[in-house]
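Residues per chain, in single letters:
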Amino acid sequence: MTVLFRHAAHRTLQGAHHQPGGRDRLRAGADIGSGLVVNGGLVSGAYGVAGEIGHVPVAESGPPCHCGGTGCVEAIASTEAIVTRTRHVTGEAELTMAQAVERARAGDPAVREVFARAGHAIGRGLAALVNLFGPERVVVSGEGLEAFGLFEDRLRRTFAAQAFGSAARCELLLRPLPFEEWARGAAAVAVRSLFTPA
Ligand SMILES: [Zn+2]
């Protein structure tokens with residue numbers, strides 16, 4: 001079993017599905033998605049949602065998430081969340097993600113902490129998924145990976161601390177893809193062909 005985790009693309013892996021009640025879950029800003037691949041097939045879930053790490057709650061006290069929940073991985077670690085938080089800590093209302101990455105790489109401790117916090121949230125979410133399903137590996141991909149070096153360390157540390165017993169042996173595989181591939185790859189079949197190990 002493989003868990004796919006994608007950061008900062010505009011579609012979820014279950015791209016063709018809609019929320020019950022007709023609400024389209026492919027809204028802008030819904031930019032963390034994941035899915036479970038079992039025996040080469042993407043698990044879609046009885047109601048169209050499965051393995052959705054973006055809305056695993058990892059922080060009791062917030063921030064609020066667009067899904068209506070609180071403290072979801074996506075509310076802390078999505079590109080939008082990182083930009084919002086960085087604007088808050090720097091006091092620069094127009095700051096972009098590229099500038100946030102720049103600041104962090106230049107060593108600004110407050111901005112570095114924003115990315116570390118994102119890594120912590122993702123690590124917790126991944127550990128929850130791994131503890132539940134015990135996959136062989138987790139594939140991490142998406143356009144946000146240009147910044148991956150900024151949260152990789154905290155992500156791996158949190159994952160190691162929260163993954164239970166031998167589940168922690170699960171491999172975290174980093175496989176960056178250009179955004180265009182994600183935009184094209186919304187269909188489950190395309191995603192599966194991108195990710196099924198050779
Ligand atoms: Zn949420």
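Residues numbered from 1 in each chain as written. Predicted model: local features only at pLDDT ≥ 70, side-chain atom pairs only at ≥ 80, totals over all residues.

Going by an unreviewed UniProt entry, the chain carries the name NBD/HSP70 family sugar kinase and comes from Streptosporangium brasiliense. The chain has a UniProt comment under Sequence similarities (unreviewed entry) that states "Belongs to the ROK (NagC/XylR) family." (UniProt positions renumbered as here; feature names shortened; annotations may be inferred.)

Peer 1: I'd like a rundown of the packing of helix α2 (residues 79–90) against helix α4 (residues 109–133), residues and numbers included.
Peer 2: Two elements in contact, α2 and α4, have axes whose closest approach is 9 Å; the angle formed by their N-to-C orientations is 150°. Relative to α4, the element α2 lies roughly antiparallel. In this structure, the crossing between α2 and α4 has a hand that is right-handed. Residues Ile 82, Arg 85, Thr 86, Val 89 and Thr 90 of α2 pack against Ala 110, Val 111, Val 114, Phe 115 and Ala 118 of α4. For the contact of α2 with α4, the per-class residue count stands at 7 nonpolar, 2 polar and 1 charged. (Axes fitted to C-alpha atoms, helices over the stretch in contact; angles between N-to-C directions. Helix = DSSP H or I, 4+ residues; strand = E, 2+ residues; numbered from the N terminus. Parallel < 35°, antiparallel > 145°, perpendicular 65-115°, else oblique. Left-handed = near helix turned anticlockwise from the far one by under 90°. Contact = placed C-beta atoms within 7 Å. Nonpolar A, V, L, I, M, F, W, Y, C, P; charged D, E, K, R; others polar.)

Peer 1: Got a sec to walk through the packing of helix α3 (residues 97–105) against α4? Specific residues and values, please.
Peer 2: Working note: a packed helix pair is described by the angle between its axes plus the distance between those axes. Put simply, α3 and α4 touch, their axes get as near as 7 Å, and they point 110° apart. Considering their axes alone, α3 and α4 lie roughly perpendicular with respect to each other. In this structure, α3 crosses over α4, and the sense of that crossing is left-handed. Packed against α3, whose contacting residues are Ala 100, Arg 103 and Ala 104, the element α4 presents Val 111, Arg 112 and Phe 115 at the interface.

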